[in-house]
Amino acid sequence: MDAHDAQGTAKRLRAIGDELSDRFYERDDVVRTLVVTLLAGQHSLVLGPTAKSELARELTGRVEGAAYWEILLSKFTAPTRMFGPIDVAALARGEYRQVYDGRATTAHVAFIDEIFKCSTAALNETLGYLNERIYHPENGGEPIRCPLIGAITASNELPVGEDSAAIYDRLLVRIEVGYLEDPSNFAALVRSAVGGRPAAPARTTIELADLRHAVTEAVPAVDVPDAIVDAVCTLRAALRRRELVASDRRWRQAVGLLQASAYLDGRPEVAEADLSVLTHVLWDSPAQRPTVEREVLHLVNPDAKEALDLADTIEELEAQLDAMAGQSREALSEWVIKQAHNKLAMAGKRLEKLREEAASAGRSTAAIDRVTGRQRAVRARVLTEALGMDASMVQAQL
């Protein structure tokens, strides 16, 4: 595949990301991160209560020719259910064989739901599958090489116990998702459920061979300048000062994510903007994520760092709104007039300005866009919950 074809693959992947972002409200960063992780040939964890399996199916279904496998794990899931059941007909003839078709052993992309409920019996095989892409047959034969490019895993909760912690450590990328925050997006979701038959959405696809070439050839060929290496070293030192320590293996694998991010954007070398993907890599508990994000964005650009400061103001206003639940409409209106309206409006204007400055300087606007989304969501909540506006009319006010 020549450079032109590689650019074509990246362009199609960007189109897929745009289409999924249009379909799944408030999931732009989640979609992009999943695509980048797949391009890096790594595994991801989607942590939260909503839309995990549907998003995973829709993303992996865009890879023409790829075998897709999914499973919902429980503490009683046997390894043979994951990797291949016993061939009963062969057993009747005195032969011990497993049937691998349609199981993890033949999948190019896997979705494993409730990953931390993996049974003790299946733990070692699951670790080998994720780490080395191999499966050891029940009869003790030669290990089977699995064609897995990457696994998307999901859970509603963090791991508990050493067994699940071992799996957690193998998932390079960790993405938090929650319920929709913006009431206008929720209203649009409801309308999509009760409306007439929707028009078929655009559906860009890529060939499995093109994705494989990107993962094995094009992404590793992306250059990593010395300035980026220095930035990563600076970030590691900053996080260690905050007592946030990631393994050398995790840092090494993270370089591939940086290359995949640059490739997806059509660039031949990693830039500072690509460092933002590390906010999904370098934390163990969700409570650590804001600290990691601030340290990362301190390196990426000052616009994003100021955006996070504005995010604190926005979060404080939302906490005040939550605390005022049950108060009279008059009290809520007074709070909006005296505090919320001006602070949210000022934050919105400043975020707009920061985005213009970042875009004109060629810096990433991802973090600013994320905070802007929060500002819009909180403002929408204020309009609907404090002032009593209809959610369906809020969009016109934003």
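Looking at an unreviewed UniProt entry, one finds the chain named AAA family ATPase, with Streptomyces violaceus as its source organism.

### A look at the pattern of salt bridges
The tally for this structure, following the rule as stated, stands at 26 salt bridges. Between Arg 32 and Asp 265 there is a salt bridge, with the nearest N and O atoms lying 2.9 Å from each other. With Arg 32 in helix α2 (residues 28–39) and Asp 265 in the loop between α11 (248–264) and α12 (289–300), this pair connects stretches of sequence that are 233 residues apart. Among the residues examined, Asp 265 registers a relative accessible area of 36% and is labelled partly exposed. In this structure, Arg 62 engages Glu 58 in a salt bridge whose closest nitrogen and oxygen atoms are separated by 3.1 Å. Judged by relative accessible area, which is 3%, Arg 62 ranks as buried. What makes Glu 58 buried here is its relative accessible area of 14%. What you see here is one network of salt bridges that share partners, running through Glu 19, Arg 23, Glu 54, Glu 58, Arg 62 and Arg 203.

### Things to note about the packing of helix α14 (residues 329–360) against helix α15 (residues 366–386)
Contact geometry of α14 with α15 gives a least axis separation of 10 Å together with a crossing angle of 160°. The orientation of α14 with respect to α15, classified from their angle, is roughly antiparallel. In the crossing of α14 with α15, the sense of the turn from one axis to the other is left-handed. Here Arg 329, Leu 332, Ser 333, Trp 335, Val 336, Leu 344, Ala 347, Gly 348, Leu 351, Leu 354, Arg 355 and Ala 358 of α14 lie close against α15, whose contacting residues are Ile 368, Asp 369, Val 371, Thr 372, Gln 375, Val 378, Arg 379, Val 382, Glu 385 and Ala 386. Grouping the constituent residues of the contact of α14 with α15 by class yields 13 nonpolar, 4 polar and 5 charged.

### Considerations on the packing of aromatic side chains
Throughout the structure, instances matching the rule amount to 4 aromatic pairs. Ring geometry for Phe 83 against Tyr 135: centres 4.7 Å apart, planes inclined by 10°, an arrangement best described as stacked. One end of the pair, Phe 83, is in helix α4 (residues 79–83); the other, Tyr 135, is in strand β5 (residues 134–135), and 52 residues separate them in sequence. Classification of Phe 83 by relative accessible area gives buried; the value is 0%. Residue Tyr 135 is classed as buried on the basis of its relative accessible area of 0%. Relative to Tyr 135, the ring of Tyr 100 lies with its centre 6.2 Å away and its plane at 75°, an arrangement referred to as edge-to-face. Remark: Tyr 135 occurs in strand β5 and Tyr 100 occurs in the loop between α5 (88–92) and β4 (109–113); sequence separation between them is 35 residues. Feature note: the residues Phe 83, Tyr 100, Tyr 129 and Tyr 135 constitute an aromatic cluster, connected by ring pairs.

What counts, and at which threshold
- Residues numbered from 1 in each chain as written.
- Predicted model: local features only at pLDDT ≥ 70, side-chain atom pairs only at ≥ 80, totals over all residues.
- Heavy atoms only, no water.
- Salt bridge = Lys/Arg side-chain N within 4 Å of Asp/Glu carboxyl O.
- Helix = DSSP H or I, 4+ residues; strand = E, 2+ residues; numbered from the N terminus.
- Buried < 20%, exposed > 50% of the residue type's maximum accessible area, 1.4 Å probe, protein only.
- Axes fitted to C-alpha atoms, helices over the stretch in contact; angles between N-to-C directions.
- Parallel < 35°, antiparallel > 145°, perpendicular 65-115°, else oblique.
- Left-handed = near helix turned anticlockwise from the far one by under 90°.
- Contact = heavy atoms within 4.5 Å.
- Nonpolar A, V, L, I, M, F, W, Y, C, P; charged D, E, K, R; others polar.
- Phe/Tyr/Trp six-rings, centres within 6.5 Å; stacked < 30°, edge-to-face > 60°.

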